[in-house]
Structures are given as C-alpha cells and as structure tokens.
Number of protein chains: 2
Amino acid sequence: MNHLYVIRQLGLLMIVLSLSILAVATWSGVDYARGDVGEWVSLEALLLSVAVGLILGLMLWRVSKGCDDYLGHREALLLVAMSWLVGAALSALPYWLWAILSTTSPLNDSEHLLSSGGGTLHPFMSYIDCYFEAMSGLTTTGATVLDDIHPLPRGLLLWRSLTHWLGGLGIVVLFVAVLPNLGVGGKKLFQVEAPGPTSQGVRPRIRETARLLWMIYFGLTIAETVILRALGMDWFDAVCHTFATLGTGGFSTRNASIGAYDSVAIESTIIVFMVLAGANFGVYYHLIRGRLRAVWSDPEVRLYLGLLVLGSLIVSYTLYDQPIVGTSGRIYAPSVAEAIRHGVFQVVSIQTTTGFCTADFDQWSFLAKTVLVGLMFVGASAGSTGGGIKVIRCLIAFKVMLADVERVFRPNVVRTIKVGRTTIDPELRLSTVVYILGILALFLIGAVLLMLLEPAGQISFSTAATASAATLNNIGPGLELVGATEHYGWFSAPSKVVMCVLMLLGRLEVYAIFVLFVPRFWRGE
Amino acid sequence: MNHLYVIRQLGLLMIVLSLSILAVATWSGVDYARGDVGEWVSLEALLLSVAVGLILGLMLWRVSKGCDDYLGHREALLLVAMSWLVGAALSALPYWLWAILSTTSPLNDSEHLLSSGGGTLHPFMSYIDCYFEAMSGLTTTGATVLDDIHPLPRGLLLWRSLTHWLGGLGIVVLFVAVLPNLGVGGKKLFQVEAPGPTSQGVRPRIRETARLLWMIYFGLTIAETVILRALGMDWFDAVCHTFATLGTGGFSTRNASIGAYDSVAIESTIIVFMVLAGANFGVYYHLIRGRLRAVWSDPEVRLYLGLLVLGSLIVSYTLYDQPIVGTSGRIYAPSVAEAIRHGVFQVVSIQTTTGFCTADFDQWSFLAKTVLVGLMFVGASAGSTGGGIKVIRCLIAFKVMLADVERVFRPNVVRTIKVGRTTIDPELRLSTVVYILGILALFLIGAVLLMLLEPAGQISFSTAATASAATLNNIGPGLELVGATEHYGWFSAPSKVVMCVLMLLGRLEVYAIFVLFVPRFWRGE
C-alpha cells in the first residue's frame, strides 16, 4: 500500500477545500464591508478554518514529498473513503468555530446560539452536529441538524450549499471518470465513451473526461443561477439553491425550503435541473456531440424518466381531492393543478435524491408515502450526482429475477440478459443483486440501530426506518420526526454517528467503506 | 404439457385427502358414540366432505384414464402448485359445511356460530375464511381466523392439526425426494445422498427416499405423541400438538396455545421436536446410518443450532428483569429461569417457523421483537418442514456478499465459495441471492397491499408488515393486531386472499407459483 501517495492527495484535497472556504469568506467579507455586522463572526470562522485547513494540508503535502507516484486499486479506494471522512472533518470547522466564536465575540451574537426550540444551545456548539451537517453536505444528502436555518449568517449558508456542489462534482468525476478507468466498482455500469484516444493510458483519459464533466457541471450551474435570479430570487439564494440542486443535495437557505418562494416558475426550473442533475452525465457527452438518438435509446434514461412520470402520476392522483399543506404553512385548496404541482415536485425531488420540499408530504396518504419511500431506494441514474440504488441497477436486477423464474422450468437454456444493446455478464448480474441486497441489509441495520440508540419508545419505527433510508440513499427528509418540516438535530450523538456512516456508505456505494474493514485489504495480499 | 397426467395426480391427491378426512371422521364418530352430542354436526360435515372429495377425485381419475405416464419439469411444477391450491379448497370444506350444517341441524349448534367477539357470525360461515384456515394448515403456517378455538368440535380441531402434518410431509417429500431428482429448483441445495443405487433411474430413487422420509416422520410422530401423553396431555391434545409440531405449523387446540398447559416439561418436549422438525431430514438418514460426524460437520446444522442458541440468549437477556405475560394471562414474576424458559421457547418456535406461543411477545422489548422478526426471515433448514428463507441460503448469501467486497480490491482473483466441503457454483450463488431479494420484495409488496386493502388508518404498518412476514415465511403469529394473542379473522376478504398467496409462495419457494404467470411456461417453448 502506497500510504504516502494517499496522504499527499489528502493534503491536496484539504488545500482545495480551504481555498473553497476562502471563496466563501470573500462573499462573507463583501457582505460585512457592505454593513452586515452579523457576518463578522462568520468571516472570522471561515478564515480561521482556511488557516487550519491550509496548514494541515501543506503539512500532509510536505511529509509525503517525493512519494512514489503509483495509484492502484487499493490506494484509490482508500483515498476515496478518506477524502469524504477528512473532507467532512474540515468542512465542519466553519460551523463549529462560528458557534464558539459567537459566544466569545465582542459583537456577541449569542441570541443566534439559542435555537428557537426553547433555549437549548445551538446545535453547532457540538462538533458531532457540525460533522453531521458537513457530511450531509458533502454526501449531497441534505439532512440538517438545524430546526431554524434563518439566523445563520450568509457565509455559513453559502458554505453549507457549496459542500453539496463540491460533493456532487466529486462523485460525478469519481464514478464517471476515475473509477471506471481504474477498473474499480461497477465498471461496466458507469462506463462512458472516452472522449480522448485510449492509447494514451489511463491518466490522460481521466483528465480529459474530468475536464469535460467540469465544463458540463459549470455550464449547468451558471444556467440555473441566472434563471433563478431572473425568476425573482436574489443572487445569494439563486447561487445556494443552484449548488443544492446540481449536487442533488437539498440544503435550502429557508426553513420552508423551496416552498418558501411559492412560485410555480421557480419550482418548475428546479424540477428541470433536478432531473438533469439526476441523469447520467455521460448522456451530456452524447448530447454535446448531437447524438440525440443515442440518448433516447439509452434504457436507463427511459426508465429514469418513466419512473419520474409514473411516480408523479400516482402521487398527484392521491392528492387531487384534498388540501395540501405547504412547508410554508400555506394550505392549498384541493385542485388538480395543485396536486400535479406538488406531486411532481416531490417525486422529482425524492427520486433524484435532492430532498427539497414544497409540501409536508408526511401528511399525505399511505400510497403516496409508499411511492416516495420506494423511489428513495430506486434513486437517480448511475453516473449522476444523485444517490440511491440507481435506476440501472434496479433494471438489471429486475431482468435477472425474471430470468431466474424462467430458469426453473427451462433449466438447460442459457439466457443472456441485455440492457439496451449491452449484454450483462454473470459477474455483473451477481454483483448488482448483491449490491441491492446489501443496501437493504444496511437500511435495516441502520433502522434497528437508531431504534436501539434512542430512548425506548421515543421514536416510531417509521421515523427510524425513514431516517435510515433518507441518509443511506442521500435524500434528506424522511417521514414523521424526520419529515419535510422536521430535522435531525434531536437525535443522540451515537445515532448521528450511525447516520454519518450511512450517508457515506450510500454515497460511496458501500464498497469503498467496507473494504477498510477487511484485514486483507490492509495487508496488501 | 401433459395436462391429463397432472389431472390424474390431482385426482389421486383428492382421494388421499378424502381418506385422511375419513380417518378424522372415525375419531369424531367414536367421540359421538361415546356420548359427545356436539360431535354430530362435525361428523356430518366431515363425511360429506369425504363424499365430495371422493366423487371429484374419482371423476378426475376417470377422465384422465390412459394418459401418458410422462412427468417433466413443467408437469411437476404445475402439479405442485395445483396440489396446494386444490388441496386447500377440499380441506376447507369440513369447516364450511360444519358452519352451514350447524345453523340447519336439528341439534342446533348455533351458539357456536357466534364468536365470542360480540355476536358476529362465525368466521367459518365465509368460505374464504375456511380457505384461509385450510391454506394456513396445509402450508404449515398456523395463522388462524378464529379468535376463539375452544368451541370448535374435536373433529374439526383434529382435521385442522392434521392439515399441518400432511402439508409438512408433502413438503419434505417434495423438496428432499422429488424435486432434486427432477433437477428442479435449488437442486444442489437440497440434495441428499440417495439411499438406493442411482442406476435404476429417477422413479425408484424417489420412491426409496420418500419411503425413508415417511418412516422417519412417522417415527417422530409416535415418539412425540407418547411423550406428550406421558407428560399429562390427553391423547387428543397430544396427537393434535404433535401434528402441529412436526409440520412446524402452530395450530393449537387451546386459545392460549402451549401456554395453556403451563408445563416446563411439555414446553421442553415441544422445543426438542420443533428443533427436530426444523432440521434437514437428510440429517436423519445419516443418523440412522450412525454417521454422527457427518451430521456435526454439516455447516447448516451448525448454523441452525447456533442461531437458535444465539437468538435464545439475546431474547432471554432482554426478559430477565421484567415480568412476562403468558398467553394464558398468567404473569410470571421476573426471574432468570422464566426469561430463559419463555425466551428459548419463543425463539425456537419462531425460527423453526412453528408459531406456538407461551407468552405474549408483542409486549417484549424492541430488541427481542427485532430478533424474532429477523429469525422469521432466516427460517428453518432446507429439506425440513419449516419455512422462511432457510439457514443454508442465508449462509451462502452471506459468503457471497463477503466475497463481493473482496472482489472490489482484488478484481482479478477468482474466488471459490465453499459451504462445508461443497463448492457453491456461480449459478447457485446468483439464484440464492436472487431468491432472498425476491422474498424481501414479496414481503414488502404484501405489506403494502395489506395496508392498501384495509381501511386507511385501521392498521399500523407494523401489523401489516408482520402479517406479511408471518404468512410469507409460514410462521403464524406476528406483532400488534396479529400478535401472539390475536388472530387474522378481522382482515377483509381481499387481504385474506393476498395472505393465502403469500403463504403459498413462501411454502413452495416462490418459483412453482411464479412460473404459472409466465406465458412461455404454458406454451411449452
């Protein structure tokens, strides 16, 4: 195992994250200069975090100087897991330092430290809460420990949204550009036609693909920001919500999430960009080349869009004859238009694993909630910023199960399973079904652990189960005590640790974390 | 497809079932002759059922005369599915006819037709309820529609228990003797060393193996009956509970199930026989030959016993410091002895998928209930009368998942997976994991259907989920409204149909039912 190389890359990551925090600090500084006194503590916290991150990053970079430039399977897996673990530790710093500095600052900001819940300390006074928020951001989950977002300074809100954007970018680059080229993970699942010639070896191809992905991601970011601004959001909110949309994260700058704007135009825009963020980014490569037919004949694209439409139809149907309670508290009278509006938004938000809300879906019918929870597990497309099991895996598993029924009465026929024009080889069949079974097992283990870690009788199994599902699949909101209008702050610290692990397992598709617990992985056999 | 041969075998099945009912009628007749006037209607119902069954059976036998004597995959699968469907239809007749005759009989028995619940009609007045009870019996589930068992005449109670015994015998013969020889289903999973020479072809081997299994089953039946009688049960109760134990069914002649006897000796005896009934019957072949070492080195035997011990330890631990409410209503003061007594009994009863109860485990802690529900899915051994996923499948799936994690960082190493000395080939790996995923999917579909079929808000998801789990895995009791002291009678008719399907799917390991819905199966392609 080439530990030094991993350390070097982690150092680089800390430097990059620190520079990202510095960018946020710049915004915060401009706000302060314009007279927003409340930003001062936020600016202090951000700059202090930058300093800590840069010092640590440069130290790691220094100690690993002259290391071997070899990146193998093991190194890549370890690096991926450590990136999110270490990244969250640094990303949590601004929250924590802000909470601490607020109590000691001469511009005492302490009224912000009392949550609206009833005089308890601000959740950010606890580092584990900050870590949860940071992990939730970087894994693009969007589960928050805050019951009141509004008093947070804009610097922290921007950083919170930016973690989504960075995490989403990291995941797309990882699953589309890096891992397939290394032959790791669901290689065939995520393989994108390489933009460069293949004879140049792995590194140039990764760079080439990654560069293209960044360009697409930047392009979408600019487009959504400008449209949201044009539709009436201020620049700050437009940027924050764009970051959260494209990362399929779900953090908002408002307690009522997107419901706060009560604007069909804004909701429609966000629906479109959520759908785009939840599609395989390889699709955009085809689109750029003008290959519309290749995109439309892609079975994952069809099933992804088909499930969004089907889910929207079912959920909207369950809503048309009842009033809908918005997250802002506004009650929408029963109408087909409102049913479609809120049904489509929520289905798209959940299946793309974003987690924005316009209505309190916890009050919806059992059927609607079943569809939403089911879509949490299906999730978005492979190679997108979204989480969940992924549409293509569900499709393969479904075909494998059908073939298995046929195997019983035609045992001697060798069946090939095709997805589009690609034949799914036996190894991929097995690993796909095993993956889904593994996710279900982790979901159940998570739910049971949460039940056992919280005081007996305090939470219902529905709360524990949907908290587990919403973190493992990187959604954000669940049902009941973690519903659309609730938050995760009230969980005990051990439960938060469990959910941090679930978020990470879901985000890195389990294996990158699990291998860390296999002794043979470390011994390098 | 050789339809005529299937019809002929179904005719034979109806004749055999009719003769079984006749045997029960004999007991009922003797009781009547001894002065139990209440048995008269039961005797009428039983004899009428015998007549109907014999007439229909002989008709089927007649119309299929001179059919081709060919039994292929297709025919075997269709026969298996139809056997349980048709068998339950005939087995339900005595219940239904008894209820109808009771209202018209000169010896009007109508007070029995009023359930103790509050003046509603007896459940057996509805044929779907009778079919549910019969299917629950033949699939060795043990879920009952009756909230008050006691007023039922002994003839019906005996028939009810006998359906468990017949269903259990049928399943063992099917999975150990018939299907592996036909190469159907999890062939390698259930393969038993054939007792006869293999050169004689399939039929003689099946006969030989089946004969041995019958002898073992009969031997265990006589042994348990005699021991229960010696421990104080009357002959009737001893026979009924023996039938229910060996079929891993769970119907009792008492409302309080085994808790009614409040006898450690009886409970211990039943624990031993439940464990025996839940073990692979192939094991007894080795035991008869004196091959103790072969039995002890069998990984399924070890894991099966290991899980029973581990489950018992955990559940007993959760119980030691609290009073335990027995199914009889008696409250046992907190003590280590009572905790072990009830913990072991319930764990063994649930994992072997029997479903007898001595205590109301619905009142136990979340951890205890989680262990019990988890063991519902693990289930008993392959080739036993028990249901569930089966211990060996769980073991294989666990090893497959471990190997899959290792595959990620050692992608080029071909790994063999062994269970004991047997190498699990890739096809079996896939079909095992697919099977488990299929069971989980059916469980969820069942739970959601029950929620949707019952009036909104009437039942909790825990009730629906455990009703689905307890029928699919052929257990009997679940939690909350289908808990140890509750029953299934209050479900709507559509829900009962769903649960009949779940019981059948679980019992026949899904495939035999699913293929019936594949058009190609019927076209014979």
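Residues numbered from 1 in each chain as written. Chains lettered and ligands numbered in written order. Predicted model: local features only at pLDDT ≥ 70, side-chain atom pairs only at ≥ 80, totals over all residues. Heavy atoms only, no water.

A. Just the overall build of chain A, in detail. Of regular secondary structure, chain A possesses 21 helices and four strands. A compact globule built from 525 residues would reach a C-alpha radius of gyration of about 24 Å, and chain A, at 23 Å, matches this within 12%. Viewed in the frame of its principal axes, chain A has a C-alpha envelope of about 80 × 70 × 50 Å. Taken across its 525 residues, chain A has 59% of its residues classed as buried. Across chain A, the fraction of contacts at a sequence separation of at least 24, relative to all contacts at a separation of at least 6, is 72%. A distance of 14 Å separates the average location of the 35 positive side-chain charges in chain A from that of its 35 negative side-chain charges. (Helix = DSSP H or I, 4+ residues; strand = E, 2+ residues; numbered from the N terminus. Rg over C-alpha atoms; globule rule 2.2 N^0.38 Å. Buried < 20%, exposed > 50% of the residue type's maximum accessible area, 1.4 Å probe, protein only. Contact = heavy atoms within 4.5 Å. Lys, Arg positive; Asp, Glu negative; His and termini not counted. Charge placed at Lys NZ, Arg CZ, Asp CG, Glu CD.)

B. Examining the packing of aromatic side chains more closely. Residues and elements named next belong to chain A. As enumerated under the stated definition, the model contains 36 aromatic pairs over all chains in all. On the numbers, 5.2 Å between centres and 85° between planes, the contact of F281 with Y284 is edge-to-face. On the accessibility criterion, Y284 (8% relative accessible area) is buried. Judged by centre distance (4.9 Å) and plane angle (80°), the rings of F377 and F443 are edge-to-face. Separated by 66 residues along the polypeptide, F377 in helix α15 (residues 366-378) and F443 in helix α17 (residues 426-453) bring together distant segments of the chain. (Phe/Tyr/Trp six-rings, centres within 6.5 Å; stacked < 30°, edge-to-face > 60°.)

C. Structural view of the interface of chain B and chain A. Tallying the contact residues gives 39 residues for chain B and 39 residues for chain A. Between chain B and chain A lies a buried interface of about 3,900 Å² when both sides are counted; carbon and sulfur atoms form 79% of it. When the buried surface of chain B facing chain A is broken down by residue, F366, F409 and L437 of chain B rank first, second and third, together holding 18% of it. Taken together, chain B and chain A are joined by zero salt bridges. Taken together, the links from chain B to chain A amount to zero residue pairs in polar contact (both at pLDDT 80 or more). Where the side of chain B that touches chain A is concerned, the elements lending two or more residues are α3 (73-91), α15 (366-378), α16 (391-409), α17 (426-453), α20 (511-514) and α21 (519-523) of chain B. Top element by residues in the side of chain B that touches chain A is α17 of chain B. It accounts for 13 residues. Split by residue class, the side of chain B that touches chain A holds 25 nonpolar, four polar and ten charged. (Buried area = accessible area lost by both parts, 1.4 Å probe. Salt bridge = Lys/Arg side-chain N within 4 Å of Asp/Glu carboxyl O. Polar contact = N/O pair within 3.5 Å; in protein donor to acceptor, adjacent residues only side chain to side chain. Nonpolar A, V, L, I, M, F, W, Y, C, P; charged D, E, K, R; others polar.)

D. Focus on the relation of the copies chain B and chain A. Mapping chain B onto chain A calls for a screw motion: a turn of 180° about the axis and a shift of 0.0 Å along it, with 0.0 Å RMSD after fitting. Taken together, these values place the two copies in the relation of a two-fold axis. Taking C-alpha positions as reference, the residue of chain B nearest the rotation axis is L430 of chain B, located at 2.7 Å. By residue overlap, the copies meet face to face through one surface: 100% of the interface positions of chain B are interface positions in chain A. (Least-squares fit on C-alpha atoms with pLDDT ≥ 70 in both.)

E. Quick look at the packing of α3 of chain B against helix α4 (residues 93-104) of chain B. All names here are of chain B. Following both chains from N to C, one finds α3 and α4 inclined at 25°, their axes separated by 5 Å at the closest point. By the angle between their directions, the pair α3 and α4 is classed as roughly parallel. Of α4, the residues touching α3 (which contributes A89, L90 and S91) are L93, P94 and Y95. The residue inventory of the contact of α3 with α4, partitioned by class, reads five nonpolar, one polar and no charged. (Axes fitted to C-alpha atoms, helices over the stretch in contact; angles between N-to-C directions. Parallel < 35°, antiparallel > 145°, perpendicular 65-115°, else oblique.)

F. Just a nonpolar patch on the surface, in detail. A cluster of nonpolar side chains, V52, I55, L56 and M59 of chain A, forms an exposed patch at the surface whose accessible area comes to about 350 Å². If you trace the backbone, M59 of chain A turns up in helix α2 (residues 39-63). (Patch = residues over 30% accessible without salt bridge, like charges linked within 9 Å, V, L, I, M, F, W, Y side chains within 5 Å. Areas by Shrake-Rupley, 256 points an atom, 1.4 Å probe, with all protein chains shown as cover.)

G. Representation of unusual backbone geometry in the model. Residues and elements named next belong to chain A. Of note in the backbone geometry, T140 takes a positive phi value of approximately 55° without being a glycine. Structurally, T140 can be placed in the loop between α5 (127-138) and α6 (154-182). Looking at T140, the relative accessible area reads 0%, which means it is buried.

H. Region of the structure containing the pattern of salt bridges. All names here are of chain A. Taken as a whole and judged by the stated rule, the model has 20 salt bridges over all chains. Of the charged contacts in the structure, one is a salt bridge between R393 and E509, with a shortest N-O distance of 2.8 Å. Of this pair, R393 sits in helix α16 (residues 391-409) while E509 sits in the loop between α19 (493-507) and α20 (511-514), and the two are 116 residues apart along the sequence. Each member of the pair, R393 together with E509, is buried. Members of the salt-bridge network, linked through shared partners, are D262, E267, R330, E338 and R341.

I. Spatial organisation of the environment of L13 of chain A. All names here are of chain A. For L13, the position within the fold is in helix α1 (residues 3-33). Given the relative accessible area of 25%, L13 is considered partly exposed. C-alpha separation for the pair L13 and V86, spaced 73 residues apart in sequence, amounts to 8.9 Å. Here L13 is in contact with S83 and G87, once residues within four sequence places are set aside.

J. Inspection of the environment of S252 of chain A at higher detail. Residues and elements named next belong to chain A. Note that S252 resides in the loop between α9 (235-246) and α10 (264-277). Expressed as a C-alpha distance, the spacing of S252 and T242, which sit ten residues apart in the sequence, is 9.8 Å. Ignoring anything within four residues of it in the chain, the contact list for S252 reads I149, R160, H241, S257 and F356. Within the structure, S252 has its side chain in polar contact with the backbone nitrogen of R254 (distance 3.1 Å).

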